[in-house]
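What follows is each chain in one-letter form.
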Amino acid sequence: MINHEIKINFEEYTSVEELNKTDKELCLEAVKALANSHSPYSKFRVGAAMRLQSGKIIYASNQENVAYPSGLCAERVALFYWGANHPDDPIESMAVTAHSDEFELHKPVTSCGACLQVLAEYEKKQNRPIKMILYCQNGPVWITSGVESFLPFLFFEERLTVKS
């Protein structure tokens, strides 16, 4: 038997005020994206702001539907929009935040497994990591360079290739 250990690395800041200007601005843009969340069922709004290499910001929010699971997370809304409209303008960073009127959040909300896998796919497509900034309003901020810290066992098509 071989015992393996996986460690993840991320930066934690006690508030958005500790961030550099660029990252702080992106977090505040993610808060703006919350306004367009369509979340009448969960009442859990998620906003994402994605900065491209050109400086363009893409906004996205979660979009629910009464016919579960027809909705989509904010991260995938942003990524699919990028893939359809700006695939030649690499993604530098994405800030994600959440809000609920039902309870208070004390830590950043992490992306779901499906969103992490899509992030991994787009990192591979652009051949560079995407800086992830997870922002808890009135709380800490977590930053990592690339999705692998959140999803260490990434799934890629090489595993589907049959070698002769």
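(A) How the structure looks around helix H2 (residues 74–85). When the terminal C-alpha atoms of H2 are compared, their 16 Å separation across 12 residues agrees well with the 16 Å that a helix rising 1.5 Å per residue should span. Taken together, the buried positions of H2 are occupied by Ala74, Glu75, Arg76, Ala78, Leu79 and Trp82.

(B) Layout of a nonpolar patch on the surface. Residues Ile6, Ile8, Phe10 and Phe153 make up a contiguous nonpolar surface patch of about 420 Å² in total accessible area. Along the chain, Ile6 falls in the segment before strand S1 (11–13).

(C) Region of the structure containing the pairing of strand S6 (residues 141–145). A large share of S6 lies buried, amounting to 4 of its 5 residues. For S1 and S6, the ladder comprises 3 bridges, and the chain directions are antiparallel. Bridge pairing in S6 links Tyr13 to Val141. As paired elements, strand S5 (residues 131–135) and S6 share 5 bridges and run antiparallel to each other. Across the sheet, residue Lys131 finds its bridge partner in S6, namely Ser145. In textbook terms, the turn of a hairpin is the stretch between consecutive antiparallel strands, and for S5 and S6 this stretch comprises 5 residues, one of which, Asn138, has a positive phi near 60°.

(D) Fine view of the pattern of salt bridges. Tallying each qualifying case throughout the model produces 6 salt bridges. The residue Lys24 makes a salt bridge to Glu17 at a minimum N-O spacing of 2.7 Å. Assessed through its relative accessible area of 24%, Lys24 is described here as partly exposed. Salt-bridge contacts for Lys32 lead to Glu29; the nearest nitrogen and oxygen are separated by 3.1 Å. In this pair, Lys32 and Glu29 both sit in helix H1 (residues 21–33), 3 residues apart, roughly one turn of the helix. Given the relative accessible area of 53%, Lys32 is considered exposed. Glu29 sits in the buried class, given a relative accessible area of 16%.

Thresholds, definitions, all that
- Residues numbered from 1 in each chain as written.
- Predicted model: local features only at pLDDT ≥ 70, side-chain atom pairs only at ≥ 80, totals over all residues.
- Heavy atoms only, no water.
- Helix = DSSP H or I, 4+ residues; strand = E, 2+ residues; numbered from the N terminus.
- Expected span 1.5 Å × (residues − 1).
- Buried < 20%, exposed > 50% of the residue type's maximum accessible area, 1.4 Å probe, protein only.
- Patch = residues over 30% accessible without salt bridge, like charges linked within 9 Å, V, L, I, M, F, W, Y side chains within 5 Å.
- Areas by Shrake-Rupley, 256 points an atom, 1.4 Å probe, with all protein chains shown as cover.
- Salt bridge = Lys/Arg side-chain N within 4 Å of Asp/Glu carboxyl O.
- Pairing = 2+ DSSP bridges.

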